[in-house]
Amino acid sequence: MEMPQNLSGENGFPFAQALVFSSPPAPVENGLSFDTPSPKDACDTPLSNGTLYSGASSPSDSCTKPLCDAALEEKAQYGEGIKYVSAEEEELACGWGAFTPGCLQFFNTPKGILFFLCVASFLQGMTVNGFINTVITSIERRFDLRSYQSGLIASSYDIAACICLTFVSYFGGNGHKPRWLGWGVLVMGLGSLLFALPHFTTGRYEVRFSEDVGVCPSNQSLACTEAVSSLTNYRFVFMLGQFLHGIGATPLYTLGVTYLDENVKTNYSPVYIAVFYTAAILGPAAGYLVGGMFLNIYTEIGREIDITPENTLWVGAWWIGFLGAGAASLLISIPILGYPHRLPGSQRYTVMRVSEAHQLKDGSHKKASDPDFGKTVKDLPRSVLLLLKNPTFIFLCLAGATEATLIAGMSTFGPKFLESQFSLSASEAATFFGYLVVPAGGGGTFLGGFLVNKFKLRCSGIIKLCLLCTVSSLLAIFIFFIHCPNMPMAGVTQMYEGSALPGGRLNLSAACNAECGCLRQTYSPVCGRDGVMYYSPCHAGCKVSRNLRSGKKVYSECSCIAESHHPGEAEAGKCTSSCAKRPLLLFFMFVVILFTFLSSIPALTATLRCVPDRQRSFALGIQWIVVRTLGGIPGPIAFGSMIDKSCLLWQDQCGEQGSCYVYQNSAMSRYTLIAGLVYKVLGTAFFMVSCLLYKPPPAESAPASSGTSENGNCDLQENKPSLQTEEDE
């Protein structure tokens, strides 16, 4: 088909020559092809409402210069292409109210809005999925919070999103999307600033410690107090901050996606969305790295302290990242608020768009084509009913929920899995996992959108691609059959003499540390020169401690560590693992993450394609509700409960069970395999059913005057007057 050439880039449109009407322009409901075999012949062609049209270089002389002359002049200057820009250019200008400077119009393109949305999604991912997960331990320590309280803080984001999704996606989808997006990013920034507020409203963090805590004999007494610290009330401030994060991010992944989809070619839409989501995946990786760097700075900046970040009493500067992210979100919301309700030239893509919506037997899907549908609250039940009657949409939502469960579970417990299998510290495991997720998650997300664009897949082909990716990751997940052996730990995995524990029961006491009076509450693992790990220096019978120039702490005169018939030495920290299966495990974990994220953008694209155009924003909102309620929220809980079954050593908090210190690696791999298989099999089944039940529009419903759009079809309606088109291929 001979396409109008875009003279200012692929998706950018200048404001030189407008397509205007001799009478007030009426919307062309059934589409209009802009391709003409001859500009001269086009002059006498009526629009679908029967009126002749004319064009001019500006609205002021639109009545004196016919479109034919303008087209012929432009043809002589630019060749065969004809440039078309909406007559409503004053309404489609980028700016705030009447302030629309010309320099801003350079950004009034799909690439411009993509840049700002990518920055917003990057900040959201860095804050919610990066900083929060990184600093949660420091917040617990600083404000005396228990694990379930910090869990409520984390889940407040998803709760807020679920509450707002229906309202935002329904009314925002039919409203001014950039304004919803801009205000959302602004609210998200306020949430970040509020999250950092408790640091400035509390007193200084005072550390009470002794250099010889944990050394034999243990003369330290840790009293169990029932008094609840007043600092715990700050959890409500953190929950409110997370609630604002959830409210602000809601438009980003519903209205932001549909705004991109509406303003670019159908073929390019998956690539734009993939870039957008890749930025959202790189955000958490940056959050882990930057947040970890800030945690190496003491929370009271400028104050000298004798302890190091390795000390269990250390609290890092957890609040710096939230201040920076909050300020950046406030700034980035300003340009987003200045964008028009649609970009210049986007109507061309709307005209050429081919509906791939699932065809319902009763034909009720045609209701969504009504221009007035969805503009009032009374249409909300009908909108929900239309989506519930769409089996392809329903099963795509369920498949997305199973994938979200795996992603949420792996992102939460992936570092813990690496920490246990390879005997790493928590910070090392988090950094290691970040390096694994960035190429696999980010690369898979972008590659998924690229493949849809490269092969110009239709809705049915996209679902088949999702099915292929899910089956591939299902096969790769069998790698969890293998595992790394546990490092030997005295009293936990073996007896102090080296023999196996009878019945797997813990016994941290032995003759060598019987006189030390070691406390169970003080967990500070050390690695003896004999290659065995001990619960604490006291449990190893160590009596003297000293610091090396390298910063490592070394304990000597350890009665439980036999070294040439005299007490041996131990070094602070876990023993390093030399597991030969590490490369194999990491490679197949990479494959699982890659193919899981590879299906994310195709699945999102299939969701946009299988519903009517006017329901896309609302459909994404409903899908996010299903994904969060069935996947994102229960995912970490399901994985956590499975992994907790493999715990060998629990924290003892004054007789109450706390978090898990040591896991049995074989059981952890086995339970991870079971959970992964269950959700991957369900995801495969849901994608398969959605593919089988999908009913595309019949071929005869294609327009009578059939040119080819970028998808190979034309979106003109039957029996309506339109400009003749030609195929150039």
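In this text the structure is predicted, and so the values were computed from the model without any measurement.

Here is what the cut-offs are and how they apply
Residues numbered from 1 in each chain as written. Predicted model: local features only at pLDDT ≥ 70, side-chain atom pairs only at ≥ 80, totals over all residues. Heavy atoms only, no water. Salt bridge = Lys/Arg side-chain N within 4 Å of Asp/Glu carboxyl O. Helix = DSSP H or I, 4+ residues; strand = E, 2+ residues; numbered from the N terminus. Buried < 20%, exposed > 50% of the residue type's maximum accessible area, 1.4 Å probe, protein only. Axes fitted to C-alpha atoms, helices over the stretch in contact; angles between N-to-C directions. Parallel < 35°, antiparallel > 145°, perpendicular 65-115°, else oblique. Contact = heavy atoms within 4.5 Å. Nonpolar A, V, L, I, M, F, W, Y, C, P; charged D, E, K, R; others polar. Disulfide = S-S within 2.5 Å. Polar contact = N/O pair within 3.5 Å; in protein donor to acceptor, adjacent residues only side chain to side chain. Left-handed = near helix turned anticlockwise from the far one by under 90°. Core = buried A, V, L, I, M, F, W, Y, C linked by side-chain atoms within 4.5 Å. Domains from an automatic or database assignment.

**With respect to the pattern of salt bridges**
- Within this structure, the stated rule accounts for 8 salt bridges.
- Of the charged contacts, one joins Lys-177 and Glu-262 as a salt bridge, the two residues approaching to 3.2 Å between their closest N and O atoms. One end of the pair, Lys-177, is in helix H5 (residues 177-201); the other, Glu-262, is in helix H7 (residues 255-262), and 85 residues separate them in sequence. As far as burial versus exposure is concerned, Lys-177 and Glu-262 are alike and both buried.
- Via salt bridges that share partners, Lys-177, Asp-261, Glu-262 and Arg-616 belong to a single interconnected network.

**Some remarks on the packing of helix H11 (residues 380-388) against helix H17 (residues 616-632)**
- Contact geometry for H11 and H17: axes closest at 11 Å, N-to-C directions at 70°. As the angle between them shows, H11 and H17 are arranged roughly perpendicular. Across the interface between the two elements, Leu-380, Ser-383, Val-384 and Leu-387 from H11 touch Phe-618, Ala-619 and Ile-622 from H17.
- Among the residues making up the contact of H11 with H17, the classes are represented as 6 nonpolar, 1 polar and no charged.

**Here we look at the state of the cysteines**
- What the rule picks out here adds up to 6 disulfides.
- Paired through a disulfide, Cys-527 and Cys-575 show a sulfur-sulfur distance of 2.0 Å. Across the disulfide from Cys-527 to Cys-575, rotation about the S-S bond amounts to roughly 105°, and the bridge is consequently right-handed. On the criterion of sequence distance, the pair formed by Cys-527 in strand E1 (residues 526-528) and Cys-575 in the loop between strand E5 (566-572) and helix H15 (582-598) is long-range, its members being 48 residues apart.

**Looking at the side chain of Arg-609**
- Relative to the elements of secondary structure, Arg-609 occurs in helix H16 (residues 600-609).
- From its side chain, Arg-609 meets the backbone oxygen of Leu-457 in a polar contact 3.3 Å long.
- Setting aside residues up to four positions removed in sequence, Arg-609 forms contacts with Thr-266, Pro-270, Glu-356, Ala-357, Leu-457, Arg-458, Cys-459 and Ile-462.

**Remarks on the packing of helix H18 (residues 634-644) against helix H19 (residues 665-693)**
- Here H18 crosses H19 at 150°, and the two axes come no closer than 8 Å. The orientation of H18 relative to H19 falls into the category roughly antiparallel. In the crossing of H18 with H19, the sense of the turn from one axis to the other is right-handed. Judged by residue contacts, Ala-638, Phe-639, Met-642 and Ile-643 of H18 engage Met-668, Tyr-671, Thr-672, Ile-674, Ala-675 and Tyr-679 from H19.

**Regarding the nonpolar core**
- Counting residues in each nonpolar core, the largest one holds 61 residues, and the members touching the most others are Phe-276 and Trp-318.
- Looking at this core, the elements that each hand over two or more residues are helix H3 (110-142), helix H4 (147-173), H5, helix H6 (235-249), H7, helix H8 (269-295), helix H9 (320-337) and H16.
- Here this core gets 13 residues from one element, more than from any other, and that element is H3.
- Here this core spans two domains, since at least three of its residues come from each of domain 1 (92-207 + 230-353) and domain 2 (360-484 + 580-697).
- Once residues within four sequence positions are removed from consideration, Phe-276 is found in contact with Leu-114, Leu-117, Cys-118, Ser-121, Leu-252, Tyr-253, Val-257 and Leu-260.
- In this structure, Phe-422, Phe-480, Phe-597 and Cys-660 belong to the second largest nonpolar core, which totals 34 residues.

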